[in-house]
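Here is how the chains run, residue by residue.
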Amino acid sequence: QVQLVESGGGSVQTGDSLRLSCVASGRTFSSYAMGWFRQAPGKEREFVVGITSGGIRTSYADSVKGRFTISRDNAENTVYLQMNSLKPEDTAVYYCAAGQNGPATNWYRYDYWGQGTQVTVSS
């Protein structure tokens, strides 16, 4: 069992940056691929970025390439999402997720989810 807790969301303006964190409980964090998803009001949950268990491979949605960076610290059981050059269309609840294989882009490939953190970007 893995419990995930996200933090770092907030309200910012276009062009600003935020760093989201996701802390995992349990001793097996390093064996899980991790992903970040987001869901805007009235829209489906969408893949943002994923990273393999060892942090070697990453996968990004086209909409965030060049602006967002995922990283992980297995010693601290934490995965990060650095978000730069934020746009209003990035506004959503951001969720981190843990799965056995990755970096998967489909939400059903992940077994554990955090409660989400709100990111609001105003123009």
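A. Local environment of the state of the cysteines. Going through the model one piece at a time under the given rule, you end up with one disulfide. In this model cysteine 22 forms its disulfide with cysteine 96; the gap between the sulfur atoms is 1.9 Å. The S-S bond linking cysteine 22 to cysteine 96 shows a torsion near 45°; that makes this disulfide right-handed. Within this pair, whereas cysteine 22 is found in strand β3 (residues 18–24), its partner cysteine 96 is found in strand β9 (residues 92–99), the two being separated by 74 residues in sequence. According to the relative accessible area criterion, cysteine 22 is buried, its value standing at 0%.

B. Local environment of the sheet that holds strand β8 (residues 78–83). Here four strands make up an open sheet; going across it, the order is β1-β3-β8-β7 and the pairing antiparallel. With one partner strand each, in any of the chains shown, β1 (4–7) and β7 (68–73) form the two edges of the open sheet. Along the sheet, successive strands turn relative to each other by an average axial angle of 15°, direction set aside. In this sheet, β8 lies alongside β3 in antiparallel orientation, the contact comprising six bridges. Bridging from a neighbouring strand, arginine 19 pairs with glutamine 82 of β8.

C. Geometry of the pattern of salt bridges. Scanning the model with the defined rule gives four salt bridges in all. A salt bridge links arginine 38 to glutamate 46; the nearest nitrogen and oxygen atoms lie 2.6 Å apart. Residue classification places glutamate 46 among the partly exposed residues on the basis of a relative accessible area of 36%. Of the charged contacts, one joins arginine 67 and aspartate 90 as a salt bridge, the two residues approaching to 2.7 Å between their closest N and O atoms. Here arginine 67, found in the loop between β6 (58–60) and β7, pairs with aspartate 90, found in the loop between β8 and β9; they are 23 residues apart in sequence, far enough to count as distant. Since its relative accessible area comes to 10%, arginine 67 is described here as buried. Through salt bridges that share partners, Arg38, Glu46, Arg67 and Asp90 make up one connected network.

D. The arrangement of the packing of aromatic side chains in detail. All told, the structure shown has six aromatic pairs when counted by the stated rule. Judged by centre distance (5.9 Å) and plane angle (80°), the ring pair of tyrosine 32 and tyrosine 112 falls under edge-to-face. Of this pair, tyrosine 32 sits in the loop between β3 and β4 (33–39) while tyrosine 112 sits in strand β10 (residues 112–113); the two residues are 80 residues apart in sequence, bridging distant segments of the chain. By the burial criterion, tyrosine 32 is buried, and tyrosine 112 matches it. The interplanar angle of 80° and the centroid separation of 5.2 Å between the aromatic rings of phenylalanine 37 and tyrosine 110 together place this pair among those described as edge-to-face. Of this pair, phenylalanine 37 sits in strand β4 while tyrosine 110 is found in the loop between β9 and β10, placing the two residues 73 residues apart along the sequence.

Reading the values: the criteria
Residues numbered from 1 in each chain as written. Predicted model: local features only at pLDDT ≥ 70, side-chain atom pairs only at ≥ 80, totals over all residues. Heavy atoms only, no water. Disulfide = S-S within 2.5 Å. Helix = DSSP H or I, 4+ residues; strand = E, 2+ residues; numbered from the N terminus. Buried < 20%, exposed > 50% of the residue type's maximum accessible area, 1.4 Å probe, protein only. Pairing = 2+ DSSP bridges. Axes fitted to C-alpha atoms, helices over the stretch in contact; angles between N-to-C directions. Salt bridge = Lys/Arg side-chain N within 4 Å of Asp/Glu carboxyl O. Phe/Tyr/Trp six-rings, centres within 6.5 Å; stacked < 30°, edge-to-face > 60°.

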